[in-house]
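Results of the structural survey
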Amino acid sequence: MATDLIEIHPLDPSPEALDRAAAAIRRGRVVAVPTDALYALIADPFNLRAVRQVYQAKGREIHRALPMLVRDTMMAEELARDISPRFKMLTRRFWPGPLTIIMPASPKVPLRATGNTGRLAVRQARSTVTDELIARLNQPIIATSANISGRPTCRSGIEVFGVMDGSVDLVLDGGACEGIGASTIDITELEWRVIKEGAVTEKEIADCLEAAEE
């Protein structure tokens, strides 16, 4: 599969580029785009062919869930088996923004997309490109780091093209993406824990949750 590259402005992407990316995603393809936290591979989580292609493109272990982006908290809640007070506090404080929250997945989420864990990592990004794609598709999207598993995430469209040419259908090149990666917190257990610290620090998360429990 030949990979195409389209240059865009990350804050004002052309409708034509977004329409082409959305059409590719509807066909079960994988598209790389800039976000507020480096570049990401975007795909349809409800298309098992697309899910499989994301795992193959990254060389990702199949037991690791694929993170998703949503338009708002309401869309996230539709993907969850249950919603905790912690989830509401975290989303109120940090969304849209670089915090991914792991929560129990609803049965409507394909088990394969959760890495057969039944858990879902979800985030609302502060990104024009992904917001516009979600709006066009009217559904959440897979959004996992654009890299080969175990290697650094790509910081430019040209870098994605060089690393993943032939593995993805299309790259929307918005130039250099200097954002710090998103943090990830797991709230599925009694004791919450930070899985990965990025732009949001563990102290900021702790301060938010402790304030909610006072």
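Heads up: the structure comes first, above all this text.
Residues numbered from 1 in each chain as written. Predicted model: local features only at pLDDT ≥ 70, side-chain atom pairs only at ≥ 80, totals over all residues. Heavy atoms only, no water.

Here we look at the overall build of the chain
- In terms of regular secondary structure, the chain is built from 7 helices and 10 strands.
- In terms of overall size, the chain behaves like a compact globule, its C-alpha atoms giving a radius of gyration of 16 Å where 214 residues would be expected to give roughly 17 Å.
- With the principal axes as the frame, the chain shows a C-alpha extent of 55 × 30 × 30 Å.
- When the 214 residues of the chain are sorted by exposure, 51% land in the buried category. (Helix = DSSP H or I, 4+ residues; strand = E, 2+ residues; numbered from the N terminus. Rg over C-alpha atoms; globule rule 2.2 N^0.38 Å. Buried < 20%, exposed > 50% of the residue type's maximum accessible area, 1.4 Å probe, protein only.)

Brief notes about the nonpolar core
- Ranked by size, the top nonpolar core spans 65 residues in total, and within it Leu90, Leu99 and Leu172 carry the most contacts.
- At 6 residues, helix H1 (residues 15-26) tops the list of elements feeding residues into this core.
- Look past the residues within four positions of Leu90 in its chain and what remains in contact with it is Trp95, Leu99, Ile101, Ile185, Ile187, Ile205, Cys208 and Leu209. (Core = buried A, V, L, I, M, F, W, Y, C linked by side-chain atoms within 4.5 Å. Contact = heavy atoms within 4.5 Å.)

Topic: the sheet that holds strand E2 (residues 31-34)
- Read from one edge to the other, the open sheet built from 10 strands follows the order E1-E8-E2-E3-E7-E4-E6-E5-E9-E10, with strand pairing classed as mixed. Both edges of this open sheet fall to strand E1 (4-7) and strand E10 (193-196), since each of them pairs with a single strand only.
- Bridge analysis of E2 against strand E3 (residues 39-43) gives 4 bridges, and the strand direction is antiparallel. Within the sheet, the bridge partner assigned to Val33 lies in E3 and is Ala40.
- Lying on the sheet, H1 is in contact with E1, E2, E3 and strand E8 (170-173); it crosses E8 at an angle near 150°.
- Seen against the sheet, helix H4 (residues 85-94) touches strand E5 (99-104) and strand E9 (183-186) and runs at an angle of roughly 160° to E5. (Pairing = 2+ DSSP bridges. Axes fitted to C-alpha atoms, helices over the stretch in contact; angles between N-to-C directions.)

Regarding the packing of H1 against helix H5 (residues 128-137)
- Remark: H1 packs on H5, axes separated minimally by 10 Å, with the N-to-C direction vectors making an angle of 55°. Our classification of the angle between H1 and H5 gives oblique. As H1 runs across H5, the sense of the crossing is right-handed. Between H1, through Pro15, Leu18, Asp19, Ala21, Ala22, Ile25 and Arg26, and H5, the contact on the second element is made entirely by Val129, Glu132, Leu133, Arg136 and Leu137.
- Across the contact of H1 with H5, the residue classes break down as 8 nonpolar, no polar and 4 charged. (Parallel < 35°, antiparallel > 145°, perpendicular 65-115°, else oblique. Left-handed = near helix turned anticlockwise from the far one by under 90°. Nonpolar A, V, L, I, M, F, W, Y, C, P; charged D, E, K, R; others polar.)

A look at the pairing of strand E7 (residues 141-145)
- Of all 5 residues making up E7, 4 are buried, and the element is well covered by its neighbours.
- Bridge analysis of E3 against E7 gives 4 bridges, and the strand direction is antiparallel. What sits directly across from Ala40, in E7, is Ser145.
- Inspection of the sheet shows strand E4 (residues 68-69) paired to E7 by 2 bridges, in the antiparallel sense. The residue of E7 that forms the bridge with Met68 is Ile142.

Observations regarding the packing of aromatic side chains
- Within this structure, the stated rule accounts for 1 aromatic pair.
- Ring geometry for Phe87 versus Trp95: centroids 5.7 Å apart, planes at 85°, classification edge-to-face. Here Phe87 and Trp95 have matching classes, each one buried. (Phe/Tyr/Trp six-rings, centres within 6.5 Å; stacked < 30°, edge-to-face > 60°.)

Function cannot be read off these values alone, since they describe shape.
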